[in-house]
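Each chain is listed here by its residues.
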Amino acid sequence: MVVHSHVFFLTRDPVSVPVARRKVRSRVASWGVLLDEDSRLALNTVTSELVTNAVRHSDRPMLTVAVYVSVRLRRALVEVYDGSIALPRRRQAGTDAESGRGLELVECLALAHGAERTEQGKRVWAELALPEQSVTRRQIIAGPRRAIRAVLRALPRPGRPPIRPPFAPGSTRPRTAD
């Protein structure tokens, strides 16, 4: 199973939030993962919330962001490491409050999420669903066997006609039916 991963570092600064969103989004796109509107919104929002919390509550100058994607499992995992040992907790935000809803958003958008202490602080993570991926030309070139298996799995099974090329190799005329 192929799992793509990328780790990058950011300064603990509010400017890092849009930078993190952009880096995660562009890395996922570079792996050939197609996002629909819902998964793009979830990925952007969860990344923003995790990094924003780290920027606000950490006391160290740097943050570490990691993103992992398994196309086969249709999952993305976003992790943020910071220097604070205080684990995030859900708060009751007032109707006029401008903050305090981050974990609630993450909880709504993620399949699973959590936080745990590490030797240097804490790790906060969220796992997100990805839409079903079609087989791309890039995947076919990179791994023909895997791509062929994916195509065969996608085809309907019962009564499936055999796949034949429209032209015989080396011929310019269409093949005749058998």
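Everything that follows concerns the structure shown earlier in this document.
Conventions used here
- Residues numbered from 1 in each chain as written.
- Predicted model: local features only at pLDDT ≥ 70, side-chain atom pairs only at ≥ 80, totals over all residues.
- Heavy atoms only, no water.
- Helix = DSSP H or I, 4+ residues; strand = E, 2+ residues; numbered from the N terminus.
- Buried < 20%, exposed > 50% of the residue type's maximum accessible area, 1.4 Å probe, protein only.
- Contact = heavy atoms within 4.5 Å.
- Salt bridge = Lys/Arg side-chain N within 4 Å of Asp/Glu carboxyl O.

Each helix and strand in the chain was counted, giving five helices and five strands. Going from the N terminus to the C terminus, the chain shows its helices and strands as β-α-α-β-β-α-β-β-α-α. Put simply, the chain has 178 residues, and 31% of those count as buried. For the chain, the share of sequence-separated contacts (at least 6 apart) that also reach a separation of at least 24 residues comes to 64%.

Turning to the pattern of salt bridges, a few remarks are in order. The full count for this structure, using the stated rule, is four salt bridges. Between Glu-127 and Arg-75 there is a salt bridge, and its shortest N-O distance comes to 3.3 Å. Here Glu-127 is found in strand β5 (residues 121–129), whereas its partner Arg-75 is found in strand β3 (residues 75–82), with 52 residues between them in sequence. Take Arg-75: its relative accessible area is 32%, and that puts it in the partly exposed class.

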